[in-house]
Amino acid sequence: DSDSDIFSKLLTNNKGEQVGLALGEILAEASVMMNAGTDTTTAALTNTLFLLYKHPQTLAKLRTELDAELGSTTTIPSYETLSRLPFLRAIIEESLRLRPASSMGLPRVVPKGGRMIAGKFVNEGVTVSVPTYTLLRDAESFAPDPENFRTERWLVDASNAEDKAQKEKMSRAHLPFSTGPRACIGRNIAYFEQV
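Everything quoted here is computed from the prediction, not taken from an experiment.

Peer 1: Hey, could you run me through the overall build of the chain in this one?
Peer 2: On a plain count of helices and strands, the chain comes out with 9 helices and 4 strands. N-terminal to C-terminal, the α/β element order of the chain is α-α-α-α-α-α-β-β-β-β-α-α-α. Along the first, second and third principal axes, the C-alpha atoms of the chain reach 55 × 45 × 30 Å. Counting across all 195 residues of the chain, residues that qualify as buried make up 28%. For the chain, restricting intrachain contacts to residue pairs at least 6 apart in sequence, the fraction spanning at least 24 positions comes to 54%. Carbon and sulfur atoms make up 57% of the accessible area of the chain, which totals about 12800 Å². Computing the positive centroid from 22 side-chain charges and the negative centroid from 24, the chain places the two 4 Å apart.

Peer 1: Even after reading the chapter, I still don't get the side chain of Thr48, so can you show me in this structure?
Peer 2: Relative to the elements of secondary structure, Thr48 occurs in helix α3 (residues 39-54). By relative accessible area, Thr48 is classed as buried at 9%. At 2.8 Å, the side chain of Thr48 forms a polar contact with the side chain of Ser95. In this structure Thr48 touches Ile91, Ser95 and Gln194, once residues within four positions along its chain are discounted.

Peer 1: I keep staring at the environment of Leu82 and nothing clicks. Help me out?
Peer 2: Mapped onto the elements of the fold, Leu82 is located in helix α5 (residues 79-83). The exposure class assigned to Leu82 is buried, which follows from its relative accessible area of 11%. Considered as a pair, Leu82 and Glu17 are 65 residues apart in the sequence and their alpha carbons are 39 Å apart. If we skip the residues at most four places from it in the chain, Leu82 touches Leu66, Leu70, Pro77, Leu88 and Val195.

Peer 1: Hey, could you run me through the nonpolar core in this one?
Peer 2: Side chains that are nonpolar tend, in soluble globular proteins, to be buried together. Ranked by size, the top nonpolar core spans 17 residues in total, and within it Leu62, Leu88, Ile91 and Leu96 carry the most contacts. For this core, the secondary-structure elements that each account for two or more residues are α3, α4 (56-70), α6 (86-98) and α9 (187-194). When sequence neighbours within four positions are dropped, the list of residues in contact with Ile91 reads Thr48, Leu52, Thr58, Leu62, Phe149 and Thr151. Counting residues in hydrophobic clusters, the runner-up holds 5 residues, among them Ala90, Phe142, Trp154 and Met170.

Peer 1: Whenever I open this one, the environment of Leu11 confuses me. Can you help?
Peer 2: Relative to the elements of secondary structure, Leu11 occurs in helix α1 (residues 6-11). Its relative accessible area of 34% is what places Leu11 among the partly exposed residues. Each C-alpha atom of the pair Leu11 and Ala22 lies 9.5 Å from the other, and the pair is 11 residues apart in sequence. The contact partners of Leu11, leaving out residues within four places of it in the chain, are Glu17, Gln18, Val19, Gly20 and Ile26.

Peer 1: Can you walk me through the packing of aromatic side chains in this structure?
Peer 2: Working definition: an aromatic ring pair is given by the centre-to-centre distance plus the angle between the planes. The final tally for this structure, using the stated rule, is 1 aromatic pair. Between the aromatic rings of Phe142 and Trp154, the centroid separation amounts to 6.3 Å while the plane-to-plane angle is 50°, which identifies the pairing as tilted. Residue Phe142 is located in the loop between α7 (132-135) and α8 (161-173), and its partner Trp154 is located in the loop between α7 and α8; the two are separated by 12 residues in the primary sequence. Residue Phe142 shares its accessibility class with Trp154, and that shared class is buried. Positioned over the ring face of Tyr133 is Arg137, at 3.8 Å from the centre of the ring.

Rules behind the numbers
- Residues numbered from 1 in each chain as written.
- Predicted model: local features only at pLDDT ≥ 70, side-chain atom pairs only at ≥ 80, totals over all residues.
- Heavy atoms only, no water.
- Helix = DSSP H or I, 4+ residues; strand = E, 2+ residues; numbered from the N terminus.
- Buried < 20%, exposed > 50% of the residue type's maximum accessible area, 1.4 Å probe, protein only.
- Contact = heavy atoms within 4.5 Å.
- Areas by Shrake-Rupley, 256 points an atom, 1.4 Å probe, with all protein chains shown as cover.
- Lys, Arg positive; Asp, Glu negative; His and termini not counted.
- Charge placed at Lys NZ, Arg CZ, Asp CG, Glu CD.
- Polar contact = N/O pair within 3.5 Å; in protein donor to acceptor, adjacent residues only side chain to side chain.
- Core = buried A, V, L, I, M, F, W, Y, C linked by side-chain atoms within 4.5 Å.
- Phe/Tyr/Trp six-rings, centres within 6.5 Å; stacked < 30°, edge-to-face > 60°.
- Lys NZ or Arg CZ within 6 Å of the ring centre and 35° of its normal.

Right, here's the structure in full:
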């Protein structure tokens, strides 16, 4: 059945309409699908472990949170249980921010007619990108200490308007998997694997 192979999914969108990708674009998409989620997941997990061992006080806090939730059970905890742990989630977010699995931004081609990007007009056909590394260290979005591993930045008091505004600012800039319709389709799997 020609509709059940991976290439047929690259040729049509979710409405069954032809997307008209050029052969080079199809090859690029297939390459991404074959390689995504292997080295990047390994890098993300390795980076998280590295940062935890470089910050023993953070590791101690994580152990306290895990012990309080899991006790002395030897049963492997469920994803649902672990995904509700705020400090664990803060560690994952901060690790992805400080040491993203991919530090280069995904290239995009400006559509027909050009677009205003960051206050400047960019002509159609120009390839643009925002380096993930730079975005995730933005001093305004990740103040204070954007260069340092600070899990506390993700643990804010939702009832405090200033904390809430800072978290919203961080969330707009925290794009380790890119954003929009061309963002990493494996981001939910990546979070699942990290927990």
